[in-house]
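The primary structure of each chain is shown beneath.
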Amino acid sequence: MAVYTALLHYPVYNKSKKVVATSLTTLDIHDIARASRTFGVKRYYVVQPIENHLWLARKLLSFWQGGHGREYNPKRWEALKIVEAVPYFENVLEDIEKRDGLKPKVVVTTAREYPNSISFSSLREKLKTEDLIVCFGTGWGLTEEFINSSDYILEPIKGTDYNHLSVRSAASIILDRLLGR
C-alpha cells in the first residue's frame, strides 16, 4: 500500500490559538524529504498557501529536482524528487487521485492526546491494507477542525513533560515507527 506525507503550514494554530498560515522553513522541506525517501514514502507534499512562500518552495525544488542541484548532490536530488509544493491540502488529495487513482486515508499527527487516537502498532497494521497520507502540522499544531475531519489521529510521541519536538524530528520518529524495520 502507498504512504504519502504532507507538511501543512495551514490550517494551523499560532501560540494564541488563532488559525494562521505559518512561514516556510526550507530545512523542513529537505529533512522531511530525506526521512520520507528513507522510509519509502511515495510522495511528500509541502502545503503552503502564502504565495511568496509557495514560490520559494517551488524555486528550491526546481533547483534540486532539475537544476544544478541534481548534478551537484545526487543524494539530495534522490530525496527531493518526491516533493511537491501546493497551496492547500485539497490540492494534495487531487494530485494523488490524478497521479495514482486513489484516495488515501488521512492520518493526522499531534502532540496532544485524544481519546480516539490510534496507536503506532495499530496504524502499522492498517498500512498492510490501506493507502495513507500522514499529515504533520507546523506552528502550534493542526486545527481541531482539520484533526476531527481526519480518518485517524495518531497517538503522540511521548517523552518527558517537555513536549515540543520540531516537526522535522517528529516526522523522522513517526516514519521510523510506522515504516522502519
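Residues numbered from 1 in each chain as written. Predicted model: local features only at pLDDT ≥ 70, side-chain atom pairs only at ≥ 80, totals over all residues. Heavy atoms only, no water.

The chain is annotated in an unreviewed UniProt entry as tRNA (guanine-N(1)-)-methyltransferase C-terminal domain-containing protein of Balnearium lithotrophicum.

Draft legend 1. Representation of unusual backbone geometry. The step from Tyr10 to Pro11 runs through a cis peptide bond, and the omega angle for that step is 0°. Turning to its location among the elements, Pro11 is positioned in the loop between β1 (3–8) and β2 (12–13). Despite not being glycine, Lys17 shows a phi value in the positive range, around 65°. Examined against the element boundaries, Lys17 turns out to sit in the loop between β2 and β3 (19–20). (Helix = DSSP H or I, 4+ residues; strand = E, 2+ residues; numbered from the N terminus.)

Draft legend 2. Layout of the sheet that holds strand β5 (residues 83–86). Reading across from one edge, β5-β4-β1-β7-β6-β8 is the order of the six strands in this open sheet, with parallel pairing throughout. The sheet is open, and its two borders are formed by β5 and β8 (152–153), each paired with just one other strand. By the bridge criterion, six bridges tie β1 to strand β7 (residues 132–137) in an arrangement that is parallel. Note on β7: the bridge partner recorded for Val3 is Leu132. Across the sheet, helix α5 (residues 89–100) is in contact with β1, β4 (43–47), β5, β6 (105–108) and β7; its angle to β4 comes to roughly 155°. (Pairing = 2+ DSSP bridges. Contact = heavy atoms within 4.5 Å. Axes fitted to C-alpha atoms, helices over the stretch in contact; angles between N-to-C directions.)

Draft legend 3. Broad picture of the UniProt feature "domain: tRNA (guanine-N(1)-)-methyltransferase C-terminal" (unreviewed entry) in the chain. The UniProt entry lists residues 3–180 under the feature "domain: tRNA (guanine-N(1)-)-methyltransferase C-terminal" (unreviewed entry), expressed in the numbering used here. What you have in residues 3–180 is 44% helix and 17% strand, and the ends, taken at the C-alpha atoms, are 13 Å apart. (UniProt positions renumbered as here; feature names shortened; annotations may be inferred.)

Draft legend 4. Here's a closer look at the environment of Leu178. When you line up the elements, Leu178 lands in helix α8 (residues 167–179). If we ignore the near neighbours within four places in the chain, the residues touching Leu178 are Phe120, Leu123, Arg124, Leu127, Val134 and Leu154.

Draft legend 5. Quick look at helix α1 (residues 26–38). Between its terminal C-alpha atoms α1 stretches 19 Å, which fits the 18 Å expected from 13 residues at 1.5 Å a residue. Buried residues of α1: Asp28, Ile29, His30, Ile32, Ala33, Ala35 and Ser36, and no others. The inward-facing, buried residues of α1 abut β1, β4, α2 (51–66), α4 (74–80), β5 and α8. Downstream of α1 by a residue or two, Gly40 has a phi angle that is positive, lying close to 80°. (Expected span 1.5 Å × (residues − 1). Buried < 20%, exposed > 50% of the residue type's maximum accessible area, 1.4 Å probe, protein only.)

Draft legend 6. Representation of the nonpolar core in the model. Counting 37 residues, the largest nonpolar core has Ile29, Tyr44, Val83, Leu123, Leu154, Ile174 and Leu178 as its most contacted members. No other element matches α8, which puts six residues into this core. Other than its neighbours up to four places away in sequence, Leu154 contacts Val107, Val108, Thr109, Thr110, Ser117, Ile118, Ser119, Phe120, Leu123, Ile174 and Leu178. The next biggest cluster of nonpolar side chains, apart from the first, holds 21 residues, and it includes Val47, Val106, Val108 and Tyr114. (Core = buried A, V, L, I, M, F, W, Y, C linked by side-chain atoms within 4.5 Å.)

Draft legend 7. Main features of the packing of α1 against α8. One way to put it is that α1 packs onto α8 with a least axis distance of 9 Å and a crossing angle of 5°. Judged on the interaxial angle alone, α8 and α1 are roughly parallel. Contacts between α1 and α8 pair Leu27, Asp28, Asp31, Ile32, Ala35 and Ser36 from the former with Val167, Arg168, Ala171, Ser172 and Leu175 from the latter. Per-class residue counts for the contact of α1 with α8 are six nonpolar, two polar and three charged. (Parallel < 35°, antiparallel > 145°, perpendicular 65-115°, else oblique. Nonpolar A, V, L, I, M, F, W, Y, C, P; charged D, E, K, R; others polar.)

Draft legend 8. The pattern of salt bridges, seen in detail. Taken as a whole and judged by the stated rule, the model has 10 salt bridges. For Asp95, the salt bridge is made with Arg99, and the minimal N-O distance between the two is 2.6 Å. Taken together, the residues Asp95 and Arg99, both in helix α5 and four residues apart, mark about one turn of the helix. Linking Arg112 and Glu144 is a salt bridge whose minimum nitrogen-to-oxygen distance equals 3.3 Å. Remark: Glu144 occurs in helix α7 (residues 144–148) and Arg112 occurs in the loop between β6 and α6 (120–126); sequence separation between them is 32 residues. A residue is classified by how much of its surface remains accessible, and Glu144, at 25% relative accessible area, is partly exposed. Salt bridges sharing partners connect three or more residues here, namely Arg43, Glu84, Asp95 and Arg99. (Salt bridge = Lys/Arg side-chain N within 4 Å of Asp/Glu carboxyl O.)

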